[in-house]
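# Descriptive analysis of the structure
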Amino acid sequence: MTSLPAEQPHDPPLSPWLIRLPILVITGGILVMLILTALVGAFQITFRSRIVPGVSAYGIDLSGMTRDQAAAALDARFTYAKDAVFTFRDGDKFWQMNAGDLGVTFDAKATVNDAFATGHNSDLLSNLADQALTWLNGRSIAPIIRYDQNVAVAQLASIAAAINRPSQDATLSMVGTDIQATPGSSGRSLDITTTLARLDSAILNLSSGGEVPLVINETPPVAWDAEAAAE
């Protein structure tokens, strides 16, 4: 009687997914990287000459604006130079000037340059991080407002020219056989330095205007009265 050889056990066949799954994962990762790269590239091209999303200044959202568009929008918003009116009073006389007349200007170009600098550095990785954080959290740029004190001093000097007068001593004069006495009078001079300090405080706080007290110094005469000498 002939005996048959015993059957050897066979290993189960490998699942094709063991090969396919890593390939799919790798392929998917490559596709995701390509898509992200394409999106980042498109973003960089779109905002190459525009302000990145999330940047604002003076309460205006500047996202996606060119430099010229942003400067025009900021210039239209800044009305302080003409709206803030300051009054300088001396008795019945008064002088009114707006902030622009006193040397206040808005540097829209410099403000826009600061806004555009966000996310536009030379380092790509730094740009990407800056752009992402700005987009998520936003960034407010402080408007650059300039104040030229020399202009304000010139305006106060023009007021001083209308106020200043020297003191006059009492005098005696002979008219025929009559002796006439002219009483003395105090001199007046505008203290430009102290008045400017008060104006500076109002302007630097972006006060909406109002009255700025003039500081006037009085100089008494040496001789007030000549009546006794006349008699």
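Before going into details, it helps to say that this report is about the structure given with it.

Take the packing of helix α6 (residues 149-163) against helix α7 (residues 192-204) next. In the contact formed by α6 and α7, the axes pass within 10 Å of each other and the chain directions differ by 130°. With respect to α7, the element α6 is oriented oblique. Judged by the sense of rotation from one axis to the other, the crossing of α6 with α7 is right-handed. Across from Gln-149, Ala-152, Val-153, Leu-156, Ala-157 and Ala-160 in α6, the residues of α7 making contact are Ile-192, Thr-195, Leu-196, Leu-199 and Asp-200.

Right, let's talk about the packing of aromatic side chains for a bit. This model, assessed by the stated rule, comprises four aromatic pairs. For the pair Tyr-58 and Phe-106, a centre-to-centre distance of 6.0 Å together with 65° between the ring planes defines the contact as edge-to-face. Residue Tyr-58 is found in the loop between β1 (55-57) and β2 (60-61), and its partner Phe-106 is found in strand β5 (residues 104-106); the two are separated by 48 residues along the sequence. Residue classification places Tyr-58 among the partly exposed residues on the basis of a relative accessible area of 28%. Relative to Phe-106, the ring of Phe-78 has its centre 4.9 Å away and its plane inclined at 25°; by these criteria the two rings are stacked. You can see Phe-78 sitting in the loop between α2 (67-77) and α3 (80-83) and its partner Phe-106 sitting in strand β5, a full 28 residues away along the chain. We note that Phe-78, like Phe-106, is buried. Among the aromatic residues, those joined into a ring-pair cluster are Tyr-58, Phe-78, Tyr-80 and Phe-106. Taking NZ or CZ as reference, Arg-67 lies 3.9 Å from the ring centre of Phe-116, over its face.

With respect to topology, three strands assemble into an open sheet ordered β4-β3-β11, the strand pairing being mixed. The open sheet has two edge strands with one neighbour each: β4 (93-98) and β11 (209-211). Here the strands of the sheet are splayed against their neighbours by 15° on average, with no regard to which way each runs. Relative to β11, strand β3 (residues 85-90) is paired through three bridges, and the arrangement is parallel. Its bridge partner lying in β11, Phe-86 is registered against Gly-210. Strands in contact with α6 are β3 and β4; relative to β4, the strand with the most contacts, it is inclined by about 170°.

What counts, and where the lines are drawn
Residues numbered from 1 in each chain as written. Predicted model: local features only at pLDDT ≥ 70, side-chain atom pairs only at ≥ 80, totals over all residues. Heavy atoms only, no water. Axes fitted to C-alpha atoms, helices over the stretch in contact; angles between N-to-C directions. Helix = DSSP H or I, 4+ residues; strand = E, 2+ residues; numbered from the N terminus. Parallel < 35°, antiparallel > 145°, perpendicular 65-115°, else oblique. Left-handed = near helix turned anticlockwise from the far one by under 90°. Contact = heavy atoms within 4.5 Å. Phe/Tyr/Trp six-rings, centres within 6.5 Å; stacked < 30°, edge-to-face > 60°. Buried < 20%, exposed > 50% of the residue type's maximum accessible area, 1.4 Å probe, protein only. Lys NZ or Arg CZ within 6 Å of the ring centre and 35° of its normal. Pairing = 2+ DSSP bridges.

Just distances and angles here, no functional claims.
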